[in-house]
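Next come the chains, spelled out residue by residue.
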Amino acid sequence: MIEIKGLRKAYGAFEVLHNLDLSVKKGEVVCIIGPSGSGKSTLIRCINLLEKYQGGQIHVEGAPVGPDKVSPKTHRKLGMVFQSFNLFPHLTALQNVALGPIRVRKIPKSEAHENGRALLKRVGLETHASKYPSQLSGGQQQRVAIARALAMEPQVLLFDEPTSALDPEMVGEVLSVIQALAHTGVTMVIVTHEMSFARTVSDRVIFMDGGVVVEQAAPDEFFTKPMMQRTKDFLNAVRPNHAVPA
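A short tour of the structure in this document, coming up. Quick caveat, the model's predicted, so the values are computed rather than measured.

1. Considering the pattern of salt bridges
Consideration 1: By the definition in use, this model includes nine salt bridges.
Consideration 2: Glu-28 is paired through a salt bridge with Arg-204; the nearest N and O atoms lie 2.9 Å apart. Remark: Arg-204 occurs in strand β9 (residues 204–209) and Glu-28 occurs in the loop between β2 (14–24) and β3 (29–33); sequence separation between them is 176 residues. You'll find Glu-28 and Arg-204 in the same group, each marked buried.
Consideration 3: For the salt bridge of Lys-77 with Glu-61, the shortest nitrogen-to-oxygen distance reads 2.6 Å. Note that Lys-77 is positioned in the loop between α2 (72–75) and β6 (78–81) and Glu-61 in the loop between β4 (55–60) and β5 (63–64), a separation of 16 residues in sequence.

2. Here we look at the packing of helix α3 (residues 93–103) against helix α4 (residues 109–122)
Consideration 1: Interhelical geometry of α3 versus α4 gives an angle of 125 degrees and a closest axis separation of 8 Å. Here α4 runs oblique to α3, going by the angle between their axes. By crossing handedness, the relation of α3 to α4 is classed as right-handed. Contacts between α3 and α4 pair Ala-93, Leu-94, Val-97, Ala-98, Pro-101 and Ile-102 from the former with Lys-109, Ala-112, His-113, Gly-116, Arg-117, Leu-119 and Leu-120 from the latter.
Consideration 2: For the contact of α3 with α4, the residue count by class is nine nonpolar, two polar and two charged.

3. With respect to the sheet that holds β6
Consideration 1: The mixed open sheet is built from six strands, whose spatial order is β6-β7-β8-β3-β9-β10. Across the chains shown, the open sheet's two edge strands, defined by having one partner strand only, are β6 and β10 (212–217). Shown here is a sheet whose adjacent strand axes are inclined to one another by a mean of 20 degrees, direction ignored.
Consideration 2: Across the sheet, helix α5 (residues 138–151) lies against β6 and β7 (156–160), angled at about 175 degrees from β6, the strand it touches most.

Analysis parameters
- Residues numbered from 1 in each chain as written.
- Predicted model: local features only at pLDDT ≥ 70, side-chain atom pairs only at ≥ 80, totals over all residues.
- Heavy atoms only, no water.
- Salt bridge = Lys/Arg side-chain N within 4 Å of Asp/Glu carboxyl O.
- Helix = DSSP H or I, 4+ residues; strand = E, 2+ residues; numbered from the N terminus.
- Buried < 20%, exposed > 50% of the residue type's maximum accessible area, 1.4 Å probe, protein only.
- Axes fitted to C-alpha atoms, helices over the stretch in contact; angles between N-to-C directions.
- Parallel < 35°, antiparallel > 145°, perpendicular 65-115°, else oblique.
- Left-handed = near helix turned anticlockwise from the far one by under 90°.
- Contact = heavy atoms within 4.5 Å.
- Nonpolar A, V, L, I, M, F, W, Y, C, P; charged D, E, K, R; others polar.
- Pairing = 2+ DSSP bridges.

Dropping the structure here:
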């Protein structure tokens, strides 16, 4: 579904991604972990064309994704859920969810609202459809954002640290929604710092550091028998009570 070869991204003289290679199969759930500044979020943003990259190639279902290369049809295959929700404050939850289908997919308003209500029900917010973002908790806003992404019927869902802006008690409600989505067949790439979630939900865990993929494996193998010392050091730092032998 996603094929990345030799991806390079720099901000001035500072190169964030260094000839990065990565592939994601259709229907696969991939979690990307790593220290701050490792390039995880930049990678996600390059896939969704929120950042222009300087070298390499990105393909989605064989079609190129890049500056002046991507077709609207290909771009619509990608859905994005951000750290900070990015809901329109002057629109209700239902209006936020329905806006994209009305404006971009040209779906009639009545149909978009009907579908929007079904999606809000899917994320447990059917009774909050008429509320504005300021009337919702952070966890509820993020669930609206997930429903909004789903409303565009993407084939790939990209999550950029979807729980990092939430209070701890709200993290679980968002992760449970994402976990339910993982069983629907949609391809998912999730940047996360939640190690237990990554182990539970993913088909494959990818560890990034210094703008490259250091190691990747199935979750059980990754968390119990990592091969690279840098991976072991990272896991021991974030899970001191479950140390991996050096």
